[in-house]
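# Overview (structure and organization)
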Amino acid sequence: MKSELIEAARGVRGNAYAIHSGYSVGAAVLGSDGLIYVGCNVENDSYGLSVCAERNAVAAMVAQGCTTAVAIAIATKDGGFPCGACRQVLSQFQPLEGEMAVFMVDGEGNVNETTLSKLLPSRFRL
Ligand code: THU
């Protein structure tokens, strides 16, 4: 499942709409329902309206009625980390017990594995 998730992120990265930054990002989340949901970054001429790949993948998952993600793979050219805003959004949908695995993969397929709680140790919550 890990390799399937990573390949899904690498694949959807090809659809990234990164007209301004040129930095294409693909994300694939594994829902607690066992399904994979994908998203890519979608930029806009009004720069601030650009949306990250991770948040688009999470939105696709929630739209299908799944509100827990057990893992996410993020594909970029350089294996970049998810931004702070995406960490917070991901934390909303992390398992109540247990970790959300995070796999960052670069253009050559090298994988850096961590967990969301390591990336965001003290999340905001109401
Ligand atoms: N981006 C993501 O898709 N995810 C992140 O976690 C960080 C940044 C996108 C936003 C923008 O389209 C491009 O990468 C450059 O910042």
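Report follows, based on the coordinates. Small disclaimer: the values here were computed from a predicted structure and weren't measured.

It is worth spelling out the nonpolar core at this point. One finds Val-29, Met-61, Ile-72, Leu-90, Met-100 and Val-102 to be the most contacted residues of the largest nonpolar core, which totals 19 residues. Going through the elements one at a time, strand S1 (26-31), helix H2 (53-63), strand S3 (69-75), strand S4 (101-105) and helix H4 (116-119) are the ones with two or more residues in this core. Top element by residues in this core is H2. It accounts for 4 residues. With residues up to four places along the chain from it excluded, the contact list for Met-61 reads Val-29, Gly-31, Tyr-37, Cys-66, Thr-67, Thr-68, Ala-69 and Phe-93. Among the nonpolar cores identified, the runner-up in size contains 12 residues, and Ala-9, Ala-28, Ala-75 and Ala-101 belong to it.

Contacts to the ligand come from Ser-21, Tyr-23, Val-25, Asn-41, Glu-43, Cys-52, Ala-53, Glu-54, Pro-82 and Cys-83. Asn-41 is positioned such that a nitrogen or oxygen atom in its side chain is 2.9 Å from an oxygen atom of the ligand. Expressed as a share of its isolated accessible area of 380 Å², the protein-covered part of the ligand is 77%. Class assignment for the residues of the shell around the ligand results in 6 nonpolar, 2 polar and 2 charged.

Strand order across the open sheet formed by 5 strands is S2-S1-S3-S4-S5, with mixed pairing between neighbours. Strands at the two margins of the open sheet, each flanked by one partner only, are strand S2 (36-40) and strand S5 (111-115). Taken pair by pair, the neighbouring strands of this sheet meet at an average axis angle of 20°, ignoring direction. Packed on one face of the sheet, H2 meets S1, S2 and S3 and runs near 140° to S2.

About the criteria used
- For every chain, the first residue of its written sequence is number 1, and the numbers climb from 1 along that sequence.
- Per-residue local features are limited, in this predicted model, to residues with pLDDT of at least 70; the limit for side-chain atom pairs, both in listing and counting, is 80 or more; totals at the level of whole chains, interfaces and linings are taken over all residues.
- Note: side-chain values were computed over all heavy atoms of the structure, leaving out hydrogens and water.
- As used here, the term nonpolar core means buried Ala, Val, Leu, Ile, Met, Phe, Trp, Tyr and Cys residues forming a set that is joined through side-chain atoms within 4.5 Å.
- Remark: exposure states derive from per-residue accessible area (1.4 Å probe, protein chains only) relative to the maximum for the residue type, with buried under 20%, exposed over 50%, and partly exposed in between.
- Numbering of helices and strands runs from the N terminus, with a helix taken as a DSSP run of H or I at least four residues long and a strand as a DSSP run of E at least two residues long.
- Whether two residues are in contact is decided by their heavy atoms: any pair within 4.5 Å suffices.
- In these notes, residues near a molecule or strand are those with any non-hydrogen atom within 4 Å of it.
- Here a polar contact is taken to be a pair of N or O atoms separated by no more than 3.5 Å, where protein atoms must pair a possible hydrogen donor with a possible acceptor and residues adjacent in sequence count only if both atoms sit in side chains.
- Surface exposure here means Shrake-Rupley accessible area, sampled with a 1.4 Å probe, where a residue is shielded only by the protein chains that are shown.
- Throughout this entry, Asp, Glu, Lys and Arg are counted as charged residues, while Ala, Val, Leu, Ile, Met, Phe, Trp, Tyr, Cys and Pro are counted as nonpolar. The remaining residues, Gly among them, count as polar.
- A strand pair is defined by DSSP finding two or more bridges across the two strands.
- The angle between two axes is taken between their N-to-C directions and runs from 0 to 180 degrees, where each axis is a line fitted to C-alpha atoms and a helix contributes only its stretch in contact.

Geometric descriptors of this kind do not, in isolation, establish any biological role.
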